[in-house]
Amino acid sequence: MLVLHNRSFLPGSPQQRMMIWLGVLLLCLIIAVGALLYLIVYEACPTCSPGETAVSAWEKLLKEKGMVFALAATPVLLVFFLILAIGSRNRERLILTETGIEFRSPLPGPLNFLHRDWSLQWFEVRRAWIGPMFKFAGGQFTSLFFETGNKRRRILIYPWVDPRHYRPRTLRKEKAYIDALQKQLGPEYEALTTESAVVRYIAEHVRGVEIEPAPTGSTGFALEKNPWALGVVVLFFLLAAYTVIDGFVLIGETYVTRPAYEVFATGGLLAAIVAARVLRARGVPNLESAVLGVLLGAATGCALYPGSLRLNQWTDSSGLHVHTYRSQGQGRFIPLDESLPELHFDDYPEYWREIGVGEQQDFELRRGGLDFYQLNMAPIHDAIVEHYRRKNRPGREARKGPALNTPVTAGSE
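Note that the structure is predicted; figures quoted are calculated from it, not measured.

Cut-offs applied
Each residue is numbered by its place in its chain's sequence as written, counting from 1. The model is predicted, so local features are restricted to residues of pLDDT at least 70 and side-chain atom pairs to those at 80 or more, both for listing and for counting; the totals for chains, interfaces and linings are taken over all residues. Side-chain measures were taken over the full set of non-hydrogen atoms in the model, leaving aside hydrogen atoms and water. Only the stretch in contact is used when fitting a helix axis, every axis being a line fitted to C-alpha atoms; angles between N-to-C directions are given from 0 to 180 degrees. Each helix is a run of DSSP H or I of at least 4 residues and each strand a run of E of at least 2, with the numbering of both proceeding from the N terminus. Roughly parallel refers to an angle under 35 degrees, roughly antiparallel to one over 145, roughly perpendicular to one between 65 and 115, and oblique to any angle outside these ranges. By definition, any crossing whose near helix is turned counterclockwise from its far helix by less than a right angle is left-handed, and any crossing with a clockwise turn is right-handed. By the convention used here, residues are in contact when the closest approach between their heavy atoms is within 4.5 Å. Following DSSP output, two strands are said to pair if at least two bridges run between them. Amino acid classes used here: Ala, Val, Leu, Ile, Met, Phe, Trp, Tyr, Cys and Pro are nonpolar; Asp, Glu, Lys and Arg are charged; the rest, including Gly, are polar.

K.L.:
Help me understand the packing of helix α8 (residues 261-281) against helix α9 (residues 286-314) in this model?
P.N.:
Helix packing geometry: the angle between the two helix axes and the distance between the axes. Closest axis-to-axis distance for the α8/α9 pair is 7 Å, and the angle between their directions is 150 degrees. Accordingly, the angle class assigned to the pair α8 and α9 is roughly antiparallel. Pair α8 / α9 crosses with right-handed handedness. Taken together, the residues of α9 that come into contact with α8 (itself represented by Tyr-261, Val-263, Phe-264, Gly-267, Gly-268, Ala-271, Ala-272, Ala-275, Ala-276, Leu-279 and Arg-280) are Asn-286, Ser-289, Leu-292, Gly-293, Val-294, Leu-296, Gly-297, Thr-300, Gly-301, Leu-304, Tyr-305 and Ser-308.

Below is the structure:
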């Protein structure tokens, strides 16, 4: 009998060291995001107590259902992966005997249905062969397949090692080894498919099961060697950079009415479909075409948000105009000109509360070639900063908050 362990969870393995570093990085990221969220809410009310700031953050969070789901799902996923990691170290095994093979799932009883235990007797095997886990998979995903009359089992070869003889590599050497396997050529790949613990045990101890050898030669697809695929990758990064720079750094205007999210989503979907079809027509495999299409579509949809503001600004021939509004309290303003949309500001409630009901306030709006209104936030932001600078306790200076480029809640035109 031979009991094999998953190398990723053996003490000192490069995979385990990498997971520890990733865990530390994730923890730091969670702390940083939490601190950033607190600072953003604090900027809305610098004189509020920590308790009031936390309540305000929670109230804002409840308005964002997607954010609540993400924050709730994150700890659940972290706990699940922690259970998986502990279970893989303590329970996950591949047991080979002269009569059969048994896989023990890393998941405990209540979760075993997600990744079940299974076993197979050698006399049931009608065919055994080595091949890729999926089309275009690299050599590290080479699998051993067993086919019976009514089912098929598959196990990855690379993860399973005999802990008595396993000698961990450094992270650099392990990466070089995986890069060598990726090519599906050379002594590393040949040793994996002929001398691995699983294959060697079957060859030496099991009669009646002949393993068909793995095909050699790289089956992967190099994106950088296809100009169309490379162009889509470059375009994706350009759109992502534009979204961040123009959407969060440069632009000083924001939507007055609800942005056309449906148009943004439709534009992203069309970009994804067109990109995928063009890539397939230019010889890019289906999987890579679909993935690149989805990435480009997502980047396009996001870029349309600041892009529409920028295009509406560029197509405006008359520029910004000052319009007078009357305060209704709590950051809500109605225009003296009934053809204009209402304005409702959710951020910085303390500032807006000090503008009394009935007081008049001027705002700079533009209506560009795309026929929607957008609001110049620069003078509003300056007024808010000056307000908190005056109200801050002695010795404390108001810090600039994040760019106020989120949509203003507004009434219909």
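We are not done yet, so read on.
K.L.:
Any chance you could explain the environment of Ser-8 here in plain terms?
P.N.:
Mapped onto the secondary structure, Ser-8 falls in the loop between β1 (2-6) and α1 (14-44). Residues in contact with Ser-8, not counting those within four places in the same chain, are Ser-13, Gln-15, Gln-16 and Met-19.

K.L.:
I would appreciate a short explanation of the sheet that holds strand β4 (residues 118-121) in the present structure.
P.N.:
Strand pairing within a sheet occurs via backbone hydrogen bonds; the two strands may be parallel or antiparallel. Reading across from one edge, β4-β3-β2-β1-β8 is the order of the five strands in this open sheet, with antiparallel pairing throughout. Where the open sheet ends on each side, the last strands, each with one partner, are β4 and β8 (160-161). When strand β2 (residues 93-96) meets strand β3 (residues 100-104), the two strands line up antiparallel, connected through four bridges. In the strand pairing of β3, Leu-94 is matched with Phe-103.

K.L.:
Which parts of the structure should I look at to understand the packing of helix α4 (residues 171-182) against helix α5 (residues 187-195)?
P.N.:
Where α4 contacts α5, the axes come no closer than 7 Å and their chain directions differ by 80 degrees. Judged by the angle between their axes, α4 and α5 are roughly perpendicular. Between α4, through Tyr-177, Ala-180 and Leu-181, and α5, the contact on the second element is made entirely by Glu-188, Tyr-189 and Leu-192. Class assignment of the residues belonging to the contact of α4 with α5 gives a composition of five nonpolar, no polar and one charged.

Scope: geometric values only; no functional claims are made or implied.
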